[in-house]
Amino acid sequence: MVVYSGRSLSLLLVLFAQVRSVLTDASATMGMGSSFMTSNDASSGGWKGHVPLDVQGYPAAPPELELQQVHIYARHGERTPVGVRMSEPPGSIPEHWMFCNTARAFRAAVASTNRSSRGAHLSAGQHGEGAEDVLPARRVVERADGTVELGQCLLGELTDVGRQSTYDLGHALRRLYVDRYVCPIRSRFSRLHKVVHFRSCRLGFLPDVVRSNEEIYLRSTNVPRTIESLQQIAHGLYPVSKSAEDFVPHLRIRNSREENLFGNTSVCRRLQVLLIAFAQAAATAWNDTLVPLDSKISKYIGGNPVRLDGQPRASGILDTVKAAAAHGVPVPPEFNEEGVIGLLESAVVHEWFADKDEEVRRLGMGPLLRDLSQKMQAKAERGEQDRLKILIHSAHDTSLAALCNTLQWPPFTASVTFELFRRREREDTSRATSPWQSVLTPFQSPDPLPSTVRRRSALPASPQPPSDARCRCPHAVPKQEHGVAALRRRGEALPGSPEFCTLAAFRERVLELTPVDWEAECASAGR
């Protein structure tokens, strides 16, 4: 099924960004129609831990649209800090984090002496001589003095809290995309009776039981916390009871040279040079602003000043505080002051996530967006012949921030979701979720819909999140014009649903962000 403008079927693309975090860019304000505040909320209105996926708040698409494919990019779950900071008094944040009891015991596949020949191989799901040989083991962390205490985490490791939150994310995805459930969205009274309109809150889009890796795509960066997060998400979406007996999920991991789920500075020298320059510029712009924090925080970091390029770096301080808050670990009282944590986070998000120039976006996220665009185009062209319906990527905060291009720190398990739609043929409209929509369909305008992109996000900017917020995502719109108004002027917004933009417009923007010769551009150290 090839879908182009003017044909009976039109492909539509929707971006539903579940990036649940503090929004510091006023030009990018947006949210969902429900509150996301939990017991993890910071006193400053920011997020301390993860925020559950809002299944009930999912924005229903117009009834003439049919979901075709879903691409999800999720940050890993709660983890320990990546470094030891503020562990000495008076900070006294623990050096050893005891949050890793789950999954410490495991069974590892080992080579069997019963194999019929040396190097014999059995593929997943095969049975044969020696196929069941496993080694029961338990991972433990050894301290410098040689002691071991069960349950201790490594630095930067996914914790039991993170395992639960990523499993919950997978379960929420199952409730949203697998379960089928119709609920009322609004009602009104006529002179004779009450009229209730309905929508499908849960989509029944994915099969109840997964049977093949052709139906689900699971990919992670080659980092233990993202790999384990992906395993938990996959288990929440399709637990053992909902997986075919012979189904073994493929967890895809790329070699470092081909990794594109984050800006790959290890193989792109030019990108590394640019990011270092931006970090230095951020330090120059913000270090003086951070001086008032010295009197409050310096005593916890060995008397050193609080600076973006200090010892420790301001980002490291924030990382430790956020990890501690996510696990209920007490932090010094100053970090509960809005003026302290707010200023510190503002400086750090500008260093890490501030809008860089076009070259950084091209080299950093161009390859990832090209992959996304190609997979969507393949689905558009092949239709039902392409059985792949959901693609889940386990990544990092920098991945999500780059996709949304906004000043925010994505919380643990935050996710950005791209949804691909097609327009139903006229006879398909009987499947509309509202009976009133079905009755009125014949009287609606038959004008073909343009292909569109919807950009939505749950990004609370205060203790009372806005009822409808939006994430500025310029990757999906032309370079010189951003926003819904520009799309509407160009005829690329869906009438009545301006959050949708055309697949063609999305691909055009991705093309602008895709280097013609990525390796050649990356090899250059200067302009």
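Residues numbered from 1 in each chain as written. Predicted model: local features only at pLDDT ≥ 70, side-chain atom pairs only at ≥ 80, totals over all residues. Heavy atoms only, no water.

Caption draft 1: Broad picture of helix H6 (residues 338-353). Taking 1.5 Å per residue, 16 residues should reach 22 Å; H6 reaches 21 Å between its end C-alpha atoms and fits that length. Taken residue by residue, H6 has Val 340, Ile 341, Leu 343, Leu 344, Glu 345, Ala 347, Val 348, Val 349, Glu 351 and Phe 353 as its buried positions. (Helix = DSSP H or I, 4+ residues; strand = E, 2+ residues; numbered from the N terminus. Expected span 1.5 Å × (residues − 1). Buried < 20%, exposed > 50% of the residue type's maximum accessible area, 1.4 Å probe, protein only.)

Caption draft 2: Summary view of the pattern of salt bridges. A full pass over the atoms with the stated rule returns 26 salt bridges. One salt bridge connects Arg 79 with Asp 319, and the closest N-O pair in it is separated by 2.6 Å. Pair noted here: Arg 79 is in the loop between strand E2 (65-75) and strand E3 (105-109) and Asp 319 is in helix H5 (residues 314-326), with a separation of 240 residues, a long-range link. Three or more residues joined by partner-sharing salt bridges are found here, namely Arg 139, Glu 157, Asp 160, Arg 163 and Glu 228. (Salt bridge = Lys/Arg side-chain N within 4 Å of Asp/Glu carboxyl O.)

Caption draft 3: Structural detail: helix H11 (residues 503-512). Among all positions of H11, only Leu 503, Ala 505, Phe 506, Arg 509 and Val 510 are buried. Considered in projection along H11, the buried side chains sweep an arc of 160 degrees and stay on one side of the axis. H11 presents Ala 504 and Leu 511 as exposed residues on the side facing more than 90 degrees away from its buried surface. (Arc of directions from axis to C-beta.)

Caption draft 4: Structural context of the nonpolar core. Membership of the largest hydrophobic core comes to 32 residues, with the highest contact counts inside it found for Met 86, Leu 293, Val 306, Leu 308, Ile 317, Phe 335 and Leu 344. Put simply, the parts of the chain that give this core at least two residues each are helix H3 (269-286), H5 and H6. It is H6 that provides the largest number of residues to this core, a total of 8 residues. If we ignore the near neighbours within four places in the chain, the residues touching Leu 308 are Ala 282, Ala 283, Trp 286, Asn 287, Leu 290, Arg 313, Ala 314, Ala 347, Val 348 and Glu 351. One finds Tyr 177, Ile 216, Ile 392 and Phe 421 within the second-largest nonpolar core, a separate group that totals 30 residues. (Core = buried A, V, L, I, M, F, W, Y, C linked by side-chain atoms within 4.5 Å. Contact = heavy atoms within 4.5 Å.)

Caption draft 5: Main features of unusual backbone geometry. Cis geometry is adopted by the peptide bond preceding Pro 90, which originates at Pro 89 and carries an omega value of 10 degrees. Note on placement: Pro 90 falls in the loop between E2 and E3. Looking along the chain, the bond that leaves Gln 311 and enters Pro 312 is cis, with omega of -5 degrees. Within the fold, Pro 312 resides in the loop between helix H4 (294-297) and H5. Positioned with a positive phi, Ser 92 is a non-glycine residue whose angle comes to about 55 degrees. Note that Ser 92 resides in the loop between E2 and E3. In this structure Ser 92 comes out as partly exposed when scored by relative accessible area, which is 43%. Even without being a glycine, Thr 413 presents a positive backbone phi close to 65 degrees. As for its placement among the helices and strands, Thr 413 is situated in the loop between helix H8 (397-404) and strand E10 (415-423). Owing to a relative accessible area of 2%, Thr 413 belongs among the buried residues under this scheme.

Caption draft 6: Representation of the environment of Gly 328 within the structure. Considering the arrangement of structural elements, one finds Gly 328 in the loop between H5 and H6. On the accessibility criterion, Gly 328 (60% relative accessible area) is exposed. Expressed as a C-alpha distance, the spacing of Gly 328 and Gly 49, which sit 279 residues apart in the sequence, is 9.5 Å.

Caption draft 7: View of the pairing of strand E9 (residues 390-395). Of all 6 residues that make up E9, 6 are buried, and the element is covered over most of its length. Both faces of E9 are covered, namely the face carrying Ile 390, Ile 392 and Ser 394 and the face carrying Leu 391, His 393 and Ala 395. Relative to E9, E2 runs parallel, the two sharing 6 bridges. Opposite His 71, over in E9, you have Leu 391 as the bridge partner. The sheet contact formed by strand E7 (residues 216-220) and E9 spans 5 bridges and is parallel. Note that in E9 the partner of Ile 216 across the bridge is Ile 390. (Pairing = 2+ DSSP bridges.)

Caption draft 8: Local environment of the state of the cysteines. All told, the structure shown has 2 disulfides when counted by the stated rule. At a sulfur-sulfur separation of 2.0 Å, the disulfide partner of Cys 100 is Cys 153. The sign of the 110 degrees torsion about the S-S bond sets the Cys 100-Cys 153 disulfide as right-handed. In this pair, Cys 100 sits in the loop between E2 and E3 while Cys 153 sits in the loop between strand E4 (134-138) and helix H1 (160-177), placing the two residues 53 residues apart along the sequence. When its relative accessible area of 1% is taken as the criterion, Cys 100 is described as buried. Its relative accessible area of 6% is what places Cys 153 among the buried residues. There is a disulfide in this structure between Cys 268 and Cys 522, and the S-S distance comes to 2.1 Å. Residues Cys 268 and Cys 522 are joined by a disulfide whose S-S torsion is about -90 degrees; by sign, that bridge is left-handed. Of the two residues, Cys 268 is situated in the loop between strand E8 (251-253) and H3 and Cys 522 in helix H12 (residues 518-523); the sequence distance between them amounts to 254 residues. Taking the relative accessible area as the measure of exposure, Cys 522 reaches 2% and is therefore buried. (Disulfide = S-S within 2.5 Å.)

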